[in-house]
Amino acid sequence: MRHPILISLCLAGATAVSACQKATDAEVERAIEDVNVIDESNLNDVMLTVGDPNEAVAYFQRTAAQHPDRIDIKRGLAKSLIRAKKPTEAVLAWRSVVDSEEATNEDRVALADALIRSNEWAKAEAELNMIPPTHETYERYRLEAMVADANKKWQKADSFYETAFGLTTQPSSVLNNWGYSKLTRGDFPGAEKLFAEALTYDTSSFTTKNNLVLARAAQRKYDMPIVTMTQAERAELLYTAALTAIKQGDVTTGKGLLEDAVDTSPKYFEQAARALETLNNG
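Predicted model, so just to flag it, every value in this text is computed and none were measured. (Residues numbered from 1 in each chain as written. Predicted model: local features only at pLDDT ≥ 70, side-chain atom pairs only at ≥ 80, totals over all residues. Heavy atoms only, no water.)

Enquirer: Looking at this structure, how should I read the layout of surface pockets?
Expert: Sizing a probe to match a water molecule and rolling it over the atoms shows the empty space that remains. By volume, the largest pocket amounts to about 220 Å³. Secondary-structure elements contributing two or more residues to the lining of the largest pocket are helix 7 (138-150), helix 8 (154-166) and helix 9 (172-185). The element best represented in the lining of the largest pocket is helix 9, accounting for four residues. Among the residues forming the lining of the largest pocket, the class breakdown is six nonpolar, three polar and two charged. (1 Å grid on protein atoms, 1.4 Å probe; cavity = no way out; pocket = protein on both sides within 12 Å on 5 of 7 lines; lining within 4 Å. Points joined across faces, edges and corners; volume = space filled by probe spheres on them. Helix = DSSP H or I, 4+ residues; strand = E, 2+ residues; numbered from the N terminus. Nonpolar A, V, L, I, M, F, W, Y, C, P; charged D, E, K, R; others polar.)

Structure (structure tokens):
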């Protein structure tokens, strides 16, 4: 009489062990999936930062073909196309992201950025206008300022630049853009002030240094500003000041600056030497 009971107990135990085994297998599978997701996420990050831009494009194109519904892969492709300096293709990629139900306001900002890079200013403005005013980010207002600049709406541009400046801890780029806006308007003192301020946040930007020299030279301040610069940079900046001086009719000053540029450059400065030779030959 005890045998049926014993058999029942054994069967129950076997079932329990089997259930435990199945649960363990499921947990293992989930763990492997989690690891794969983490590995893929890390690879995506690498491709978007330190990877070769064209290799990144190829990687995200392959992955997007395998997972056409993954919006994170679509974003990765769009970002990699921007890094690879293919803005026209990036516009199409971002448009695909924006048309998705999972799209965010930040995706539309990225689309506007790609449109600006493609010189599609009116379309970029239309995209920015579709973003609610409650979406207040540095990138959004940086683009709004650039569009206002393109439309020569200077008051709006100044307001947007000021807002963008307040929304970032690394304002050198937006200050440089704001300064260039002032430069194109002919507000040379205002431009000089903004370029100088931009260099306090990033002393390595040669573009900002060159813009600062342009703003100063436009005011006939031909001496070099007191900023950190290499010998090669100093030669280039002297050349910039020289050309501005010559264009403004200060030929003698320009000639002297060209001579300084040639003497300062650590290697043969062909452009400055050629300009100097042209002046000397009348």
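Enquirer: What should I look at first to understand the environment of Lys123 in this one?
Expert: Mapped onto the elements of the fold, Lys123 is located in helix 6 (residues 121-129). Taking relative accessible area as the criterion, Lys123 reaches 48% and is therefore assigned partly exposed. Distance from Lys123 to Leu111, taken between C-alpha atoms, is 9.7 Å for residues 12 residues apart in sequence. (Buried < 20%, exposed > 50% of the residue type's maximum accessible area, 1.4 Å probe, protein only.)

Enquirer: Would you take a moment to explain the pattern of salt bridges for this structure?
Expert: Side chains carrying opposite charge are able to pair once their charged atoms draw close together. The tally for this structure, following the rule as stated, stands at 17 salt bridges. One salt bridge in this structure joins Arg142 and Asp113, with 3.2 Å as the shortest N-O distance. Of this pair, Arg142 sits in helix 7 while Asp113 sits in helix 5 (residues 105-117), and the two are 29 residues apart along the sequence. Here the two residues Arg142 and Asp113 agree in accessibility, since each one is buried. For Glu233, the salt bridge is made with Lys209, and the minimal N-O distance between the two is 3.0 Å. On the criterion of sequence distance, the pair formed by Glu233 in helix 12 (residues 231-247) and Lys209 in helix 11 (residues 206-217) is long-range, its members being 24 residues apart. (Salt bridge = Lys/Arg side-chain N within 4 Å of Asp/Glu carboxyl O.)

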